[in-house]
Amino acid sequence: MVSPISVLGARVQYSSVANVQLTSETYPEIQRGDYAKLTDEDIAHFKAIVSESGVVTDADDLVFYNEDWMRKYRGMSSIVLKPKTTEQVSQIVQYCNEKKLAVVPQGGNTGLVGGSVPVFDEIVLSLANMNSVRSFDPVSGILVADAGVILEVADQYLAERGHIFPLDLGAKGSCHIGGNVATNAGGLRLLRYGSLHGTVLGLEVVLPNGKILNALSSLRKDNTGYDLKQLFIGSEGTLGVITGISILCPQRPKATNVAFLGVESYEAVQKAFVHAKAELSEILSAFEFMDNKSLKLVQDHSDLARPLEDEYPFYVLIETSGSNKDHDDAKLESFLENAMESEVVLDGVVSQDETQLKNLWMWREFIAEASGKGGGVYKYDVSVPLKDLYSLVEDVTARLNEHNLIGDSDEFPVIDSVGYGHLGDGNLHLNVAVRRYEKKVEKVLEPFVYEWISKRSGSISAEHGLGFAKKNYIGYSKDQDSIDLMKAIKSQFDPNHIMNPYKYF
Amino acid sequence: MSVKSLRILVPVKRVIDYAIKPRVNKTQTGVETTGVKFSINPFCDIAVEEAIRIREGTKGLVENIHVVSAGPTKAQDILRQALAKGADNSTLIETGDKEVEPLSVAKLLQKVIEEDNSNLVILGKQAIDDDSGQTGQILAGLLNWPQATNASKVEFKDDKVFVTREIDGGSETVSASLPMIITTDLRLNEPRYVTLPNIMKAKKKPLKKVKPADLNIDIASRLETIKVEEPAKREAGIKVGTVDELIEKLKASGSL
Ligand SMILES: Cc1cc2nc3c(=O)[nH]c(=O)nc-3n(C[C@H](O)[C@H](O)[C@H](O)COP(=O)(O)OP(=O)(O)OC[C@H]3O[C@@H](n4cnc5c(N)ncnc54)[C@H](O)[C@@H]3O)c2cc1C
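From a predicted model like this one, the values you see are computed outputs, not experimental measurements. Each residue is numbered by its place in its chain's sequence as written, counting from 1. Chain labels run from A onward and ligand labels from 1 onward, assigned in the order the entries are written. Per-residue local features of the predicted model are confined to residues with pLDDT of at least 70, and side-chain atom pairs are confined, for both listing and counting, to 80 or more; whole-chain, interface and lining totals are unaffected and use all residues. Excluded from the side-chain calculations are hydrogens and water; all other atoms, namely the structure's heavy atoms, are used.

A.B. asks: What should I look at first to understand the domain arrangement of chain A in this one?
C.D. replies: A common measure of how large an interface is: the accessible area buried when the components associate. All names here are of chain A. Domain borders in the structure are assigned automatically or taken from a domain database. Domain boundaries in chain A define domain 1 (133–248), domain 2 (255–367) and domain 3 (374–469). Two residues form a contact once any of their heavy atoms are found within 4.5 Å. If you look at the interface, domain 1 gives 9 residues, while domain 3 gives 7 residues. Here's the idea: put two parts together, see how much 1.4 Å probe accessible area each one loses, and the total over both is what we call buried area. Broken down residue by residue, the surface that domain 1 buries against domain 3 is led by Gly 187, Leu 191 and Glu 236, which jointly contribute 59%. Salt-bridge detection follows one rule: a side-chain nitrogen of Lys or Arg within 4 Å of a carboxyl oxygen of Asp or Glu. On inspection of domain 1 and its partner domain 3, the count reaches 0 salt bridges.

If you want it as C-alpha cells, here you go:
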C-alpha cells in the first residue's frame, strides 16, 4: 500500500499496465501527417537555441515525455526541447514552422485525454524550465508568471503573500499553470472562484509562426477589440504555446473547514446541495460527491483511515472558506445540525485540524489515481443537468453487467464503474476501472456514453478537453457550423498545422 | 483488577496547528499568532483517544474522563472537540494568552486532580509549541505518583498497568499500580474523527470555567524570553555539469 500524500507530490506510475502500446499501433487507422522528419541538422540547430542542457534525446529520459499519465497513449518522439525563455520558444517554433516539423507543447503531462504526448514523432516542447514568477501585486492580487510554474508552487508562493490560486486540482504537484490554462482546467475551487475564462487577465503566447503575441494584460477591464486570450484558454496546444500568464488571485481564506458526510441516495446528495447553498451561501467553496464504490477504490489503494465507520451509498465533501472562523464554524454547525435533523445527512465528520482536513480531501482527490491502480481506467468527464447526472453511472454499470464484463475475479476485464465529481458544477466523472485495456470493453462503452450524454444535451468533456481521446466525439456536443468555424480559426493561426496535430477535432 | 473504577484526567493544550509553519513575530518576542490556525496539540489528541479506547476496551471500568485545558478562552474549542470524541466533562482554566510554564500548569492540574480524586492521568509527552516536555514529569513529582513516559502501548492486566515505551533502538515495558501518570508518544494510536451526532451531544456536556486564583495558584513566569529567532536560512544549492566541476567547487568551499 502507498501513502497517497507522497504519491500526489511526485509523478507516479499511474496504472500498473507494464508496457504502454504505441498509440500508432493501437489506432492503425491514423496516418502520420506530411511533416518533415527530424534530422541531425535540426538537432544541432535546437542545441544552438537552448544549449546542450535544454535538449533531451536519451531513450530512457524520453519515456516520461512520450507516455501519458493514464499510461494509455505512447508516442515515439526522439527529442524534447526545454527552452528557458519566451524568445527561445519563439525561435524553436519559427524554425519548426519553416521546416514543417510537428510540435506538441507539454506542461506537467497530467492531462487525461492523451493531448500532451506525441502520436507519432512530434517534437515535444516542454515548458518545465520556464518556471519563474515574474511579478505579484499584493494590492490587486494579480500574479504574472511563466507558463511552466507548477500549480502547487504558484499556490505556495501566493500563500506566503496571503493570496490563493483560483484553481486547485488533484494533480497540483505536477501540472503547470500554463497547462491548466491550455486545458481550461476546472477543478475543485471553480464553484467559488469561477472558471479561468474569468480569472485569467492576460496571456503571452508564441504563435505557430514564431511571433510572440503579448496580451499579458494586468487589467480587469479592457474592452478594446476581440478578447484574443480567450481563444487560447482551452485550446490544448493547437493554436500556439502559452509562455506567460497574468491571473487575478483572491485573498486566501483565513478559515477553512471540511465536512465529510454520508447520505442515502443521489436525491439526498442534491438536497444537501440545495441546503448547503441556502445556509452556507458565500462561504461554501466546494461541494463534491462520490459513490460508495469510489470510496472503496480509495480504501483498497491507500492506508487512509475511513472517515465514517458505516457505509453509505453516497458521500458528500463540503468545504467552507471565509475570513472569520467563528462565523464560519457557527454557520457550518447549524447547517450540519439541520441536515442531520431533517435526515438529509445520515452521518458525518468535521475536520478538527489541518491534517484531518487534508486527509478528508484525499478521499476525494485520490479517486482518480485509485481508479487506475488495478490496471487501467476509462475516464469520462461529463456535464449533464444535475437531476440526471448519476443515472449515467447506473446505466453504464447495468450495461457492463449485461455484457458480463464486470466481476471480482481476473476473467472479468472491468473491476467496477464508479461515479464522483464536482456536483456544484454539474460535472460527473465516470471512471470504469479495468484490469486491462480491452477493445470489447471500449465497444460497450463507446459510443453508448456519448449518445447518452448527447440525448440530454450535455457535454462529453466538461473539463478534461478533447485531446486525442475525445477528438472523434466533439460532434456529440457541438454542431457542424461550430466545428467548421473552429477549424477555420485553427487554419488561420496555424496554416501548416504543426501545433499538436491529430488532436482536438 | 483491584481497582474498581478509573477516573481519568486528560490535560490538553491548544497550539498552532502542526501542519502550519510558524513565523517569528516582528518584535522577535514569540511567534505570530494572529490569523493563524490553532488546533489541539497532536500528543494531547492521542491522550484523549487513549482514554476513550481504555473506556471501550475495559467494559464499565472507566467511571469518568475529564479533559482540562489551561489556556485562553478559545481553548474551549479543543475541549468541545474532546467532549465530542467521548470525554464526559471538561474544565477550562483561564490563563489568558500568555504562555504558562510547565511548573505552573502542573500545579494547576494537581489541584484539579485532588478535587476530582483522579487515579489516572494521561497527557502528551510534549506540546509542539514550546517543546518543554516537562508537565507530566513535574506533575508526577508533585503528586508523588509513578510515571510511564512516551507510551506507545498501554495495557491493563490484573491490578497493574503495563506501558510500552519507545527507546533508542527498541522498546521497554514498564508497569505500575494506580494511581499513575502516562505520557503519550506518537505511535500510541491514531485519533478518530469527530462525528456529527457526537458534536451535537457534546453541546450538552459540562464545560466549567475557573481562574488560576480560584485554585490558589500563582502562574507568574519564572523565565523571561529574551529573543526568538528563525533558524538561519540554508543557502540555495547549485547544479554542476561535470565531476571535475564538482571537485573544483568542493575544493573551493574547503570541503575537500
Ligand atoms: C490526479 C488528476 C486530477 C485532475 N483533476 C482535474 C480536475 O479536477 N479538473 C480538471 O479540469 N482537470 C483535472 N485533471 C486534468 C487536467 O487537465 C490537468 O491536470 C492539467 O490541467 C493539465 O496541466 P499539465 O501542465 O499537466 O498539462 P499537460 O498534460 O502537459 O497538457 C495538457 C494539454 O495542454 C497543452 N499544453 C500544456 N502546456 C501548454 C502550454 N504552455 N501552451 C500550450 N499548450 C499547452 C498540451 O499540448 C495538452 O494538449 C486532473 C489530472 C490528474 C492527473
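A.B. asks: Can you help me understand the environment of A:Asp155 in this one?
C.D. replies: All names here are of chain A. Here a strand is any run of E in DSSP of at least two residues, a helix any run of H or I of at least four, and the numbering for each starts at the N terminus. By the secondary structure assignment, Asp 155 is in helix α6 (residues 151–159). Taking relative accessible area as the criterion, Asp 155 reaches 13% and is therefore assigned buried. Note: C-alpha distance between Asp 155 and Leu 317 (162 residues apart in sequence) is 22 Å. In this view, Asp 155 contacts Ile 164, Phe 165, Arg 189 and Arg 252; residues no more than four positions away in its chain are not counted. Polar contact is defined as a pair of N or O atoms within 3.5 Å, subject to the rule that within protein one atom must be able to donate a hydrogen and the other to accept it, and that residues adjacent in sequence are counted only when both atoms are side-chain atoms. Within the local environment of Asp 155, its side chain forms a polar contact with the backbone nitrogen of Phe 165, the two atoms lying 2.9 Å apart. Categorising residues by exposure relies on relative accessible area from a 1.4 Å probe, with only protein chains included: less than 20% of the type maximum marks a residue as buried, more than 50% marks it as exposed, and the intermediate range marks it as partly exposed.

A.B. asks: I would appreciate a short explanation of the pattern of salt bridges in the present structure.
C.D. replies: Taken as a whole and judged by the stated rule, the model has 40 salt bridges over all chains. In this structure, A:Asp155 engages A:Arg189 in a salt bridge whose closest nitrogen and oxygen atoms are separated by 3.7 Å. Taken as a pair, A:Asp155 in helix α6 and A:Arg189 in the loop between α7 (177–183) and α8 (190–193) lie far apart in primary sequence, 34 residues in all. Accessibility assignment for this pair places A:Asp155 and A:Arg189 in one class, buried. As a salt-bridge pair, B:Lys125 and B:Asp185 come within 3.1 Å of each other at their nearest N and O atoms. Taken together, the positions of B:Lys125 in the loop between β6 (120–124) and α4 (135–143) and B:Asp185 in the loop between β10 (180–184) and β11 (194–195) put the pair 60 residues apart, joining distant regions of the chain. Take B:Lys125: its relative accessible area is 21%, and that puts it in the partly exposed class. One salt-bridge network, in which partners are shared between bridges, spans A:Asp155, A:Asp168, A:Lys172, A:Arg189, A:Arg252 and A:Glu365.

A.B. asks: In this structure, what is going on with the packing of aromatic side chains? I would like to understand it.
C.D. replies: Two numbers describe a pair of aromatic rings. These are the distance of the centres and the angle of the planes. Classification of ring pairs rests on two measures: the distance between centres of Phe, Tyr or Trp rings, Trp counted by its six-membered ring, which must be within 6.5 Å, and the angle between planes, read as stacked under 30 degrees, edge-to-face over 60 and tilted in between. Inspection of every chain in the model, using the stated rule, returns 24 aromatic pairs over all chains. Ring centres of A:Phe64 and A:Tyr65 lie 5.0 Å apart, and the angle between their planes is 90°; this geometry places the pair in the edge-to-face category. With a relative accessible area of 11%, A:Tyr65 lands in the buried category. Ring pairing ties together the aromatic residues A:Tyr266, A:Phe289, A:Phe314 and A:Tyr390, which thus form one cluster. The ring of B:Phe162 carries the charged tip of B:Lys157 above its face, separated from the ring centre by 4.7 Å. The criterion for a charge sitting over a ring is simple: Lys NZ or Arg CZ within 6 Å of the ring centre, and within 35 degrees of the ring normal.

A.B. asks: Please clarify how the site of the ligand should be interpreted in this entry.
C.D. replies: Residue and element names in this part refer to chain A. In the vicinity of the ligand, 34 residues are found, and the nearest of them are Pro 105, Gly 107, Gly 108, Thr 110 and Gly 111. A distance of 2.7 Å separates an oxygen atom of the ligand from a polar backbone atom of Gly 108. Separating an oxygen atom of the ligand from a backbone N or O atom of Gly 115 is a distance of 3.2 Å. Protein contact buries 97% of the 960 Å² of open area that the ligand shows by itself. Secondary-structure elements contributing two or more residues to the shell around the ligand are β3 (103–106), α7 and β9 (241–248). Looking at the shell around the ligand, its residues break down into 12 nonpolar, 20 polar and 2 charged. Formed jointly, the shell around the ligand draws a minimum of three residues from each of two domains, domain 1 (133–248) and domain 3 (374–469). One heavy atom within 4 Å of a molecule or strand is enough for the residue carrying it to be called near that molecule or strand. Under the convention used here, a 1.4 Å probe and the Shrake-Rupley method define accessible areas, while residue burial counts only the protein chains that appear. Gly falls in the polar group here, along with every residue not listed as nonpolar (Ala, Val, Leu, Ile, Met, Phe, Trp, Tyr, Cys, Pro) or charged (Asp, Glu, Lys, Arg).

A.B. asks: Explain the UniProt feature "domain: Electron transfer flavoprotein alpha/beta-subunit N-terminal" (unreviewed entry) in chain B to me, please; I cannot follow it from the model alone.
C.D. replies: UniProt positions are given in the numbering used here, feature names are shortened, and annotations may be inferred rather than shown by experiment. As annotated in UniProt, the feature "domain: Electron transfer flavoprotein alpha/beta-subunit N-terminal" (unreviewed entry) corresponds to residues 28–219 of chain B in the numbering used here. Span residues 28–219 of chain B is 30% helix and 32% strand, its end C-alpha atoms 23 Å apart.

A.B. asks: Help me out: how do you make sense of the sheet that holds strand β5 (residues 133–137) of chain A in this one?
C.D. replies: Sheet strands line up and pair through hydrogen bonds in the backbone, either parallel or antiparallel. All names here are of chain A. Across the sheet, 5 strands lie side by side as β5-β6-β9-β7-β8; this open sheet has antiparallel pairing. Here the strands that pair on one side only, and so sit at the sheet edges, are β5 and β8 (212–215). Adjacent strand axes in the sheet meet at a mean angle of 10° when their direction is disregarded. Two elements, strand β7 (residues 200–206) and β9, share 6 bridges in a ladder whose sense is antiparallel. When the sheet's bridge partners are listed, Val 200 is paired in β9 with Ile 247. Here helix α5 (residues 86–99) sits on the sheet and contacts β5, β7, β8 and β9; the angle it forms with β7, its principal contact strand, is near 50°. Being paired, for any two strands, means DSSP has found at least two bridges between them. The axes are straight lines fitted to the C-alpha atoms, using for helices just the contacting stretch, and the angles between their N-to-C directions are given from 0 to 180°.

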